[in-house]
Amino acid sequence: MAEMNGSRKHISISVPDQPDTMSPHIKSAEELRVIGFNLSEFSRSMQFVICVAGVFVFYLVYGYLQELIFSLEGFKPFGWYLTLVQFAFYSTFGLIELQFTQDKRKRIPWKTYMLIAFLTVGTMGLSNTSLGYLNYPTQIIFKCCKLIPVMIGGVFIQGKRYNFTDVSAALCMSFGLIWFTLADSKVTPNFNLAGITLISMALCADAAIGNVQEKAMKLHNGSNSEMVLYSYSIGFLYILMGLFCTHGLGPAFVFCSQHPMQTYGYAFMFSLTGYFGISFVLALIKLFGALVAVTVTTGRKAMTICLSFLFFSKPFTFHYIWSGLLVLIGIFLNIYSKNKDKIRLPSLYNVWNIIQKKRVSSLSQMV
């Protein structure tokens, strides 16, 4: 027995260390390119500034062109056809951009893209169609309320938990924009039950799509160009089948053929600015989350209304100032919530002590 124990051989198994170099897939996942620019080379704060600037610039032009297209007499019934053309341009732009990326593999599953495409069709199609029944300020009244649904969707879809500051920011921005746009809608109120139903359905889809996109892009490391290409190309097929079944394709095509510049020409610029804008929104979602992205886009809506006072003559009321300040408070609360370690606000107790010290010093000087 002792001889057997002595003759036993001890076998050691060594596991090789992980290689220093990462796979090409992970390397490409680290890079974040937006319309050809690599944002990974910039600091996190600079990434935020670039994304916010891109969202504001391109979506301000996007909103102007959207109103310009629907101002064409007789075009209002063809909102779904405009969405079809828009999705066709988006798919083409996404395919072109994908050719300039090193890793062209599709990482996100088809099942997820089919859901994202369905939600995208609901968001953009119903929103475009609602402009045939509602004026632009009335549409914004409903759109600005999506901050709270996005937070609710984040809780149920991604299991997120938001703190009191995030909730306060969402409430301030939502109520501020509602107050702001209600004052504007009194000038030319144009409420319609069909339009309200359409924009409400678009709001529900919009609240879900940001969370679904964020979860898919972080889970599968999908690129922005991949997300745009596959979601909008599948959405194009959805709308095409819907228009074909409802016999809405022929009349829209005939009308747009009679006004090619006002429809297809503006639609190209409308889609180009929208594509650039959605690329920056997707970058915001991937880098900072859906709540920050929606906060930025909601602030952009307030800027759209402010600029309308500069370019178009409108009655003025002080409600615009107070509601605008409420929106600014919401933006600040959201920024503070994401940067609590960098922004140190004094407590109410410290503020009271500072006031008391200044009061005592001023009284001593008077004596």
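Structure first, text after, so check above.
First, a word on scope: everything that follows refers to the structure included in this document. (Residues numbered from 1 in each chain as written. Predicted model: local features only at pLDDT ≥ 70, side-chain atom pairs only at ≥ 80, totals over all residues. Heavy atoms only, no water.)

### Quick word on the overall build of the chain
Of the regular secondary structure elements, the chain holds 15 helices and 2 strands. In the chain, which comprises 367 residues, the proportion classed as buried is 45%. If you take every contact in the chain between residues at least 6 apart in sequence, the share linking residues at least 24 apart comes to 87%. Of the roughly 20200 Å² of accessible surface on the chain, 69% is carried by carbon and sulfur atoms. (Helix = DSSP H or I, 4+ residues; strand = E, 2+ residues; numbered from the N terminus. Buried < 20%, exposed > 50% of the residue type's maximum accessible area, 1.4 Å probe, protein only. Contact = heavy atoms within 4.5 Å. Areas by Shrake-Rupley, 256 points an atom, 1.4 Å probe, with all protein chains shown as cover.)

### Let's talk about the side chain of Thr120
With respect to the element layout, Thr120 can be found in helix α5 (residues 110–130). Among the polar contacts listed, one links the side chain of Thr120 to the backbone oxygen of Ile116, at a separation of 2.6 Å. With near-sequence residues (within four places) excluded, Thr120 lies in contact with Phe87, Gly125, Ile209 and Tyr232. (Polar contact = N/O pair within 3.5 Å; in protein donor to acceptor, adjacent residues only side chain to side chain.)

### A closer look at the environment of Arg300
Take Arg300: it is sitting in helix α13 (residues 290–311). Beyond its immediate chain neighbours, meaning those up to four positions away, Arg300 contacts Val55, Phe56, Tyr59, Leu60 and Tyr136.

### Things to note about the nonpolar core
Formed by 68 residues in total, the largest nonpolar core has its most connected members in Phe75 and Tyr81. When residues of this core are assigned to their parent elements, the largest contribution, 12 residues, is made by helix α12 (residues 260–288). With near-sequence residues (within four places) excluded, Phe75 lies in contact with Ile69, Phe70, Leu82, Phe255, Cys256 and Thr263. In terms of nonpolar packing, the next biggest core, distinct from the first, is built from 6 residues, Leu134, Phe142, Ile199 and Ala202 among them. (Core = buried A, V, L, I, M, F, W, Y, C linked by side-chain atoms within 4.5 Å.)

### Here we look at the packing of aromatic side chains
Following the criterion strictly, the structure yields 20 aromatic pairs and no others. Measuring from centroid to centroid gives 5.3 Å for Tyr59 and Tyr62, while their planes differ by 80°, and the two rings are edge-to-face. Here Tyr62 and Tyr59 lie together in helix α3 (residues 44–70), a separation of 3 residues that amounts to about one turn. As far as burial versus exposure is concerned, Tyr59 and Tyr62 are alike and both buried. With a centroid separation of 4.7 Å and 85° between ring planes, the pair formed by Tyr90 and Tyr232 is classed as edge-to-face. Of this pair, Tyr90 sits in helix α4 (residues 79–98) while Tyr232 sits in helix α10 (residues 224–245), placing them 142 residues apart in sequence. By the burial criterion, Tyr90 is buried, and Tyr232 matches it. (Phe/Tyr/Trp six-rings, centres within 6.5 Å; stacked < 30°, edge-to-face > 60°.)

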